[in-house]
Amino acid sequence: MKINIIGVPLFYGCDKPGVEKGPDVLRKNGLIDVFTKKHEVCDLGNVKVNEVSSEDKYKFNNTMKYLDEIININNELADKVNNSFNNGALPLIIGGDHALGMGSLAGCGKYFGQDLAVIWVDAHGDINTPETSPSGNVHGMPLAASMGYGYEKLTSIFFDKAKIKPENVFILACRDLDKGEVDLINELNMHVWTNEQINNLGTKEVLNQLLSLIKEKNIKNIHLSYDIDCLDPDYVPGTGTPVSDGLSYSQSK
C-alpha cells in the first residue's frame, strides 16, 4: 500500500499551544519507520500554518478563535487528501488539534462522495456549532461542520455541501458531551457508543455492532479519526483535553 503522511501542526482549534508539535515529534520518534516495514511511504511534510498572534484570535469572528487561518489550513489539507487518493495513496494525517478533521473529511468526501462512513474515536463529540460551543474553540466543531451544521464558512470548506451523512457517522468512546451536542445527537438519531457502554458491552461487541451497521449500508470506505483523548489520561498525559475514565490501552488497540 502507498501511504502519504501529512502533518498538520495546528493548535488554533484548541487554543492550547503544544499539540502543534505532534507531527514532528512523532517523526523524530520513528513514525515513518513504523510504516515503511510493509508499505511504500511518502512524507508530504506539514501543511503550512501561519503564525497568528493571540491578540488577533478574534480578528475574523467575535466568537470563534483563529477562524480565518483554520479555514485556510483545512482547505489546503483537503486538497492534499484528495490528491493523495487521486494518486493511489492512503493519506495518514497527523495533528495537531482536531479542527483539522474538517479538511481531512472534506478531502475524503470530495473523492468518495456518499460512499463513506466516519468512525470518530474521541472523548468528545466535536459536534458543537458556534451557537452551542461554550468556548468558541473550533476543535469542538469539525464533525458538525462536516455534516453540514454550523457556520457557513466551515460547512463549505473545499466544496459547498455536507461531506458526510449523519446516519453514516459512528462515535466511539465519548464521555464529555455538551448539551448542544447531546441535542443534535438525539435530533439526528446518531450512532454513539459512550465509554460506559463500551465497558458494559465489551469492545468486541461494540465493534461487531458498528461494522454490521456499515455492512448493512453497503459502505465501502471508512474515514477513521482517532483523538488520543479517547484514552484514559494515565496513558496520554500530554493531551490538551484530558477526560477521566477513558479507554484502556488494550481497549484502544
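Since we're looking at a predicted model, the values are computed, not measured.

S.K.: For the pattern of salt bridges, give the residues involved together with the corresponding values.
M.R.: In the structure shown here, the tally under the stated rule is five salt bridges. Here Lys57 and Asp15 are joined by a salt bridge, their closest N and O atoms 2.8 Å apart. Of this pair, Lys57 sits in the loop between strand 2 (40-46) and helix 3 (67-86) while Asp15 sits in the loop between strand 1 (2-8) and helix 1 (22-28), and the two are 42 residues apart along the sequence. When sorted by exposure, Lys57 lands in the same class as Asp15, which is buried. When the shortest N-O distance is used, the salt bridge between Lys65 and Asp15 registers 3.2 Å. Of this pair, Lys65 sits in the loop between strand 2 and helix 3 while Asp15 sits in the loop between strand 1 and helix 1, placing them 50 residues apart in sequence. One exposure class covers both Lys65 and Asp15, and it is buried. Beyond isolated ion pairs, a larger network of salt bridges with shared partners links Asp15, Lys57 and Lys65.

S.K.: How would you summarise a nonpolar patch on the surface if you had to cite specific residues and measurements?
M.R.: A contiguous nonpolar patch, built from Leu207, Leu211, Ile222, Leu224, Tyr226 and Ile228 and spanning about 550 Å² of accessible area, is present on the exposed surface. Put simply, the parts of the chain that give the nonpolar patch at least two residues each are helix 9 (203-216) and strand 7 (222-226). In terms of residue count, the dominant contributor to the nonpolar patch is strand 7 (three residues). Tracing the backbone through its elements, the reader meets Leu224 in strand 7. Residue classification places Leu224 among the exposed positions, given a relative accessible area of 56%.

S.K.: Got a sec to walk through the environment of Asn75? Specific residues and values, please.
M.R.: Within the secondary structure, Asn75 sits in helix 3. Here Asn75 falls in the partly exposed class, since its relative accessible area comes to 29%. When the C-alpha positions of Asn75 and Lys2 are compared, they lie 23 Å apart, and in sequence the two are 73 residues distant. From its side chain, Asn75 meets the backbone nitrogen of Phe158 in a polar contact 2.8 Å long.

S.K.: Explain the side chain of Asp97 to me, using residue names and the numbers behind them.
M.R.: Tracing the sequence through the fold places Asp97 in the loop between strand 3 (90-95) and helix 4 (101-112). This buried residue, Asp97, is left without a salt bridge; Lys65 holds the nearest opposite charge, at 11 Å. A polar atom in the side chain of Asp97 sits 2.8 Å from the backbone nitrogen of Gly13. A polar side-chain atom of Asp97 sits 2.9 Å from the main-chain amide nitrogen of Ala99.

S.K.: Residue-level account of the nonpolar core, with values.
M.R.: Grouped together as the largest cluster of nonpolar side chains are 45 residues, with contacts concentrated most on Leu154 and Met190. Mapped onto this core, the elements with two or more residues apiece are strand 1, helix 3, helix 4, strand 4 (117-121), helix 5 (142-146), strand 5 (169-174) and helix 7 (179-188). Looking at which element gives the most residues to this core, the answer is helix 3, with eight residues. Look past the residues within four positions of Leu154 in its chain and what remains in contact with it is Met64, Leu67, Ile71, Met102, Val138, Met141 and Ala145. The next biggest cluster of nonpolar side chains, apart from the first, holds 16 residues, and it includes Ile119, Ile198, Ile219 and Leu247.

S.K.: Could you give me a rundown of the side chain of Ser225, with the residues and numbers involved?
M.R.: Relative to the helices and strands, Ser225 resides in strand 7. For Ser225, a relative accessible area of 7% translates into the label buried. Contact partners of Ser225, with chain neighbours within four places excluded, come to His98, Ile119, Trp120 and Val121.

S.K.: How would you explain the sheet that holds strand 5 if you had to name every residue and give the values?
M.R.: Within the open sheet, the four strands sit side by side as 6-5-4-7. Their pairing is parallel. The open sheet is flanked by strand 6 (191-194) and strand 7, the only strands paired with a single partner. Between one strand axis and the next, the sheet turns by 10° as a mean value, whatever way the strands run. Relative to strand 5, strand 4 runs parallel, the two sharing four bridges. Following the sheet pairing, Val121 is matched in strand 5 by Leu172. Its contacts with the sheet place helix 9 against strand 4, strand 5, strand 6 and strand 7, and it is angled at close to 170° to strand 5.

Cut-off values and rules
Residues numbered from 1 in each chain as written. Predicted model: local features only at pLDDT ≥ 70, side-chain atom pairs only at ≥ 80, totals over all residues. Heavy atoms only, no water. Salt bridge = Lys/Arg side-chain N within 4 Å of Asp/Glu carboxyl O. Helix = DSSP H or I, 4+ residues; strand = E, 2+ residues; numbered from the N terminus. Buried < 20%, exposed > 50% of the residue type's maximum accessible area, 1.4 Å probe, protein only. Patch = residues over 30% accessible without salt bridge, like charges linked within 9 Å, V, L, I, M, F, W, Y side chains within 5 Å. Areas by Shrake-Rupley, 256 points an atom, 1.4 Å probe, with all protein chains shown as cover. Polar contact = N/O pair within 3.5 Å; in protein donor to acceptor, adjacent residues only side chain to side chain. Lys, Arg positive; Asp, Glu negative; His and termini not counted. Core = buried A, V, L, I, M, F, W, Y, C linked by side-chain atoms within 4.5 Å. Contact = heavy atoms within 4.5 Å. Pairing = 2+ DSSP bridges. Axes fitted to C-alpha atoms, helices over the stretch in contact; angles between N-to-C directions.

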